[in-house]
Amino acid sequence: MDPFSTKWPWYVPLVPSALVVMGTVWNVYYPQYFWGDNLLGAAVVVAGAMLSLRHTIAIAAALLLVDVPLLFGDGYLHETIGPLLVFNTFFAALVGIWVNRVVAHHGRRLELVRSVAEVAQRAVLPPPPAHIGALAIAAVYDAAQVEALIGGDAYAVRDTAYGARLLIADVRGKGLGAVDAVSVLLGAFREAADQEPDLVALTARLERALIKEASLRDETVQLEGFVTAVVGEIPPGSDCVRLLNCGHPAPYLLAGDTVVALETNDPGLPLGMSVLGGPEATLQEWPFPVGGTLLLVTDGVTEARNRAGNFYDPVIRLRGKGPFPQPAEAIEALVRDVERWTGGPRDDDMAVLAVTRSADHGSVDHGGAGHDASMS
C-alpha cells in the first residue's frame, strides 16, 4: 500500500499549491521583505509530508521556477545576498523531497507491521462462518484507532452437537496482555463448547482456564485481570436462545422494527473473578423468532458518547430501522449510527456479532460440528 494513499479531505492536497501561490504573490508585491519565501519553503515541506514523491518534486520544481526568476528580476542575484537566497531555495526543495522519503520509509515499515498483524489476526481469529444451518452470521471488529487490528474485544461462534454456541467478550486492559487473554479465552471456548452439555458448565471451564492463566502471571494481573462475557446457545430446531451473562452489556433482539435488550435478572461476575465469591450468572432463555436478529456487542457500543456526554442506546437508536434480512445489514446500521452519535473518534474498540434466524430453522444440520470462528 502506498503510504501516501491516506484519504485526506479534498482540500488538504491543495494546501501546498495554495502556499506556492500566496508566497509568489507576496514576493511579487513585497520583494524587499522576503516573507513569501517562508510560504514557498513551507509548501514543499508540507507536500513532502502529505503527497507522493511525484507531487513533491512538482511542488519543488514550482518553487525553483517561481523564486529564482523573481530573485533575478528584483536584482538580488547581482548583490552579495543573491547566491544565499538561491541556495536557500534549493535547500528548501531538497528538504521537502527528503521529508517525503523519510515519511515513505516509515510508512512502508508501518505497512509491514500491519501486514504481520493481519496475518496473525486471520490465523488466530478467522472470520465467522456465513451460515450454521438456518442461522446467518456476521461479525465485525472496529478499532477505535485505525492502526490497531487485534485487541481485547473478542467473539466466537462454534457449531456443536448442542447447537450453535456463541461467545462475545471484552478483556480488561489493552496491549499484548489483553491479546494473550483473548487467546486463552478463545482456546478454552473452542474446546469446551464441544464437550460441555450446558452453558453453566461451559462458562465454568472458561473461568478455570482464565484463573489458571492468571496464576502464572504477576500479582497485579491476578488482582486486576478479568473478562466480561456473554455465552449463548441456540439449540438445534429451537425457536429460543439461551444466554448466560458474566458482567457484560446485554445482547439485543431485533425483530421487525422493534429492539429489545435481553437483560439478565442476575448477571454474574466477570470471568476470572470467582475468587471474590460473588453470585453465579443465571442462565436465561428468550424467544428467537423467525427473521429476528440477535445482536451481541461490547462496551465500545454501549459506552460510546455524543458531544453532550450521553451514552449510546441501541434500543432507542435502532428502533424503527429494521427489519434487517441479513445480519451484516444490522451490523452496518449499528456501526454507522454509532459513528454519527459520537461525531468523531471513539475511546474504545467495539466488536459486534449478529445472528439472524431464517424461516427454515428446522433444517439445521450439525454434521459439521466443531466448525468455529472468532475475532477480536
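Each residue is numbered by its place in its chain's sequence as written, counting from 1. Side-chain atom pairs in this predicted model are given and counted only at pLDDT of 80 or more, local residue features only at pLDDT of at least 70, and totals for whole chains, interfaces and linings cover all residues. Based on all heavy atoms of the structure, the side-chain values leave hydrogens and waters out of the count.

Helix and strand counts for the protein come out as 10 helices and 12 strands. Exposure classes here rest on a 1.4 Å probe applied to the protein chains alone. A residue is buried below 20% of its type maximum, exposed above 50%, and partly exposed in between. Looking at the protein as a whole, 45% of its 376 residues are labelled buried. Only heavy atoms matter for contacts: two residues are in contact if any of them lie within 4.5 Å across the pair. In the protein, of all internal contacts separated by at least 6 residues, the share reaching a separation of at least 24 is 72%. Accessible area for the protein stands at about 18,700 Å²; split by element, carbon and sulfur atoms hold 61% of it. Runs of H or I in DSSP of at least four residues are treated as helices and runs of E of at least two as strands, each being numbered from the N terminus. Surface exposure here means Shrake-Rupley accessible area, sampled with a 1.4 Å probe, where a residue is shielded only by the protein chains that are shown.

So, on to the nonpolar core. One broad trend across soluble globular proteins is that nonpolar side chains are buried collectively. Joining through side-chain atoms within 4.5 Å is the link that ties buried Ala, Val, Leu, Ile, Met, Phe, Trp, Tyr and Cys residues into a set, and such a set is a nonpolar core. Core analysis: the biggest nonpolar cluster contains 26 residues, and L167, L185, F189, L206, V227 and L271 have the highest contact counts within it. Every element with two or more residues in this core is listed here: β3 (153–160), β4 (163–171), α5 (175–195), α6 (199–215), β5 (227–234) and β6 (240–246). Tallying contributions element by element places α5 first for this core, with 10 residues. Excluding anything up to four places from it in sequence, F189 contacts A156, R158, R165, L166, L167, L202 and L206.

Let us look at a nonpolar patch on the surface. Taken together, the side chains of V21, V25, W26, V28, Y29 and Y30 present a nonpolar region at the surface, about 610 Å² in accessible area. In this structure, W26 sits in helix α1 (residues 15–29). Like charges are joined within 9 Å and nonpolar side chains (Val, Leu, Ile, Met, Phe, Trp, Tyr) within 5 Å, but only among residues with over 30% relative accessible area and no salt bridge; these make up the patches. For this analysis, a salt bridge means a side-chain nitrogen from Lys or Arg found within 4 Å of a carboxyl oxygen belonging to Asp or Glu.

Aromatic contacts are taken between Phe, Tyr and Trp rings whose centres are within 6.5 Å, Trp giving its six-membered ring; a plane angle under 30 degrees counts as stacked, one over 60 as edge-to-face, and the others as tilted. All told, the structure shown has one aromatic pair when counted by the stated rule. When the ring of Y312 is compared with that of W341, the centres are 6.0 Å apart and the planes differ by 80°; the resulting orientation is edge-to-face. Residue Y312 is found in the loop between α8 (299–302) and α9 (314–317), and its partner W341 is found in helix α10 (residues 327–342); the two are separated by 29 residues along the sequence. Here the two residues Y312 and W341 agree in accessibility, since each one is buried.

Right, let's get into the pattern of salt bridges. Under the defined criterion, the tally for this structure stands at 10 salt bridges. For the salt bridge of R242 with E233, the shortest nitrogen-to-oxygen distance reads 2.8 Å. The closest approach of N and O atoms between R317 and D337, which form a salt bridge, is 2.8 Å. With R317 in helix α9 and D337 in helix α10, the pair connects residues that are 20 residues apart, well separated along the chain. One salt-bridge network, held together by shared partners, links R165, E233, R242 and E285.

Multiplying 1.5 Å by the helix residue count minus one yields the expected span of that helix. With 16 residues, α10 should cover 22 Å at 1.5 Å per step; its first-to-last C-alpha distance of 23 Å lies within 8% of that length. Taken residue by residue, α10 has P327, A330, I331, A333, L334, V335, D337, V338, W341 and T342 as its buried positions. For α10, the secondary structure elements touched by its buried residues are β2 (135–142), β7 (252–255), β10 (293–297), α8, α9 and β11 (350–357). A positive phi of about 65° marks G343, the residue just after α10.

Assignment of secondary structure puts L318 in the loop between α9 and α10. Sequence separation of L318 and D257 is 61 residues, and the distance between their C-alpha atoms is 8.1 Å. Those residues within four positions of L318 in sequence are excluded, and the remaining contacts are L254, V259, L295, Y312, A333 and L334.

Before going further, it helps to spend a moment on the pairing of β11. Extensive coverage of β11 is indicated by the burial of eight of its eight residues. Two strands pair when backbone bridges link them, and β2 and β11 are joined in this way by eight bridges, in the antiparallel orientation. The partner of A139 across the bridge, within β11, is L353. Pairing between strands requires that DSSP locate at least two bridges from one strand to the other.

Close inspection of predicted coordinates is inappropriate for parts of the model with low pLDDT. pLDDT runs from 0 to 100 and stands for how confident the predictor is about each residue. With 78% of its residues at a pLDDT of 70 or more, the protein shows a mean pLDDT of 81. Confidence, expressed as mean pLDDT per element, reaches its minimum in the protein at strand β12 (residues 372–375) with 46 and its maximum at β10 with 96. Across residues 361–371 the pLDDT falls below 50, and counting only partners more than four positions away or on other chains, this stretch makes 29 contacts in the model.

Read across the sheet, six strands follow the order β1-β2-β11-β10-β7-β8 without closing on themselves; strand pairing throughout is antiparallel. Looking at which strands have only one partner, the edges of the open sheet turn out to be β1 (131–132) and β8 (258–261). Judged from the three bridges that link them, β7 and β10 form a sheet pairing that is antiparallel. Note that in β10 the partner of L254 across the bridge is T293. Angles run from 0 to 180 degrees between N-to-C directions of axes, and those axes are lines fitted to C-alpha atoms, restricted for helices to the stretch in contact. Helix-sheet contacts for α10 involve β2, β7, β10 and β11, and the interaxial angle to β2 is about 25°.

Another point: the pairing of β6. Of all the seven residues making up β6, six are buried; the element is thus mostly covered by neighbouring parts of the structure. When β5 meets β6, the two strands line up antiparallel, connected through five bridges. By the bridge assignment for β6, G232 is matched with L243. Hairpin connection, β5 to β6: the antiparallel pair is bridged by five residues, and G237 has positive phi, about 70°. Relative to strand β9 (residues 283–287), β6 is paired through five bridges, and the arrangement is antiparallel.

Further remarks concern the side chain of R158. If you trace the backbone, R158 turns up in strand β3. The buried category is assigned to R158, whose relative accessible area is 10%. Definition of a polar contact: a pair of N or O atoms within 3.5 Å, with one able to donate and the other able to accept a hydrogen when the atoms are protein atoms, and with sequence-neighbouring residues admitted only if both atoms are side-chain atoms. Engagement of the side chain of R158 in a polar contact is seen with the backbone oxygen of R190, the distance being 3.1 Å. A polar atom in the side chain of R158 sits 2.8 Å from the side chain of D194.

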